[in-house]
Amino acid sequence: RWRSASSKRSHPREAETEREQRRLLWSGRLTVSMRAVLGVLYAMTGFAKLNDAWHDPHVSCCVQMFLGSVANFVDVRLLPPVLLRSLPYGATAFELGFPLALAGAHVCETTSRPGAARAVLRALTIMGAIFHVVIALPPPPMSVYPFSMIMAPIYFQSLLPDDVRRAARTAAAWLRNTHVL
């Protein structure tokens, strides 16, 4: 609550604590909001993939993007056809499973199982990062690099907010010590 100008000034330590509490509350709300955005985004993209064309490896952009990503590293003719047939199903399963895993992490957080929630959120972050790197690798016009770069901060802020907070504090301390700030 804001104090009026006529009220006694609080001790600087109390003001800092109040500021930190407001910052943590805002960060918590941001985290929940970003998780909701990610959950809805993945649910909708997964639902949109529930069609025959997406799952046909001969026309699915999923397969084409994967081939474009690995073509510089392996001879794509040597890739097993079962891998190419399974890629669209794997992408669909990931995108439909992501919101369910996110909801499971939320349940773990609210039922005093933060270790399990952290493990799920870290796993989602790693899988999502790999997924977005792979779809950003193909050369244009197949690459979705801008989309992947937009998703990166959303992933990290919404899934690993404590890690982001620690990294930001470390970076700020380093900048202060190098007299940049």
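Keep in mind that this is a model prediction, so the values were computed, not measured. (Residues numbered from 1 in each chain as written. Predicted model: local features only at pLDDT ≥ 70, side-chain atom pairs only at ≥ 80, totals over all residues. Heavy atoms only, no water.)

*Asks:* Even after reading the chapter, I still don't get the side chain of Ser158, so can you show me in this structure?
*Replies:* Summarising the element assignment, Ser158 is placed in helix α6 (residues 145-159). For Ser158, a relative accessible area of 0% translates into the label buried. If we skip the residues at most four places from it in the chain, Ser158 touches Thr31, Met34, Arg35 and Leu38. (Helix = DSSP H or I, 4+ residues; strand = E, 2+ residues; numbered from the N terminus. Buried < 20%, exposed > 50% of the residue type's maximum accessible area, 1.4 Å probe, protein only. Contact = heavy atoms within 4.5 Å.)

*Asks:* Would you take a moment to explain the side chain of His55 for this structure?
*Replies:* Within the secondary structure, His55 sits in helix α2 (residues 52-55). Of note is the side chain of His55, whose polar atom sits 3.4 Å from the backbone oxygen of Lys49. A polar contact of 3.0 Å, which involves the side chain of His55, links it to the side chain of Thr92. Apart from residues lying up to four places away in sequence, His55 is in contact with Lys49, Leu50, Pro88, Tyr89 and Thr92. (Polar contact = N/O pair within 3.5 Å; in protein donor to acceptor, adjacent residues only side chain to side chain.)

*Asks:* How do you make sense of helix α3 (residues 61-70) when you look at a structure like this?
*Replies:* Spacing of three or four residues puts side chains on the same side of an α-helix, whose turn is 3.6 residues. The buried fraction of α3 is high, at eight of 10 residues. Taken together, the buried positions of α3 are occupied by Cys62, Val63, Met65, Phe66, Leu67, Gly68, Ser69 and Val70. Contacts made by the buried residues of α3 are with α2, α4 (81-110) and α5 (114-136).

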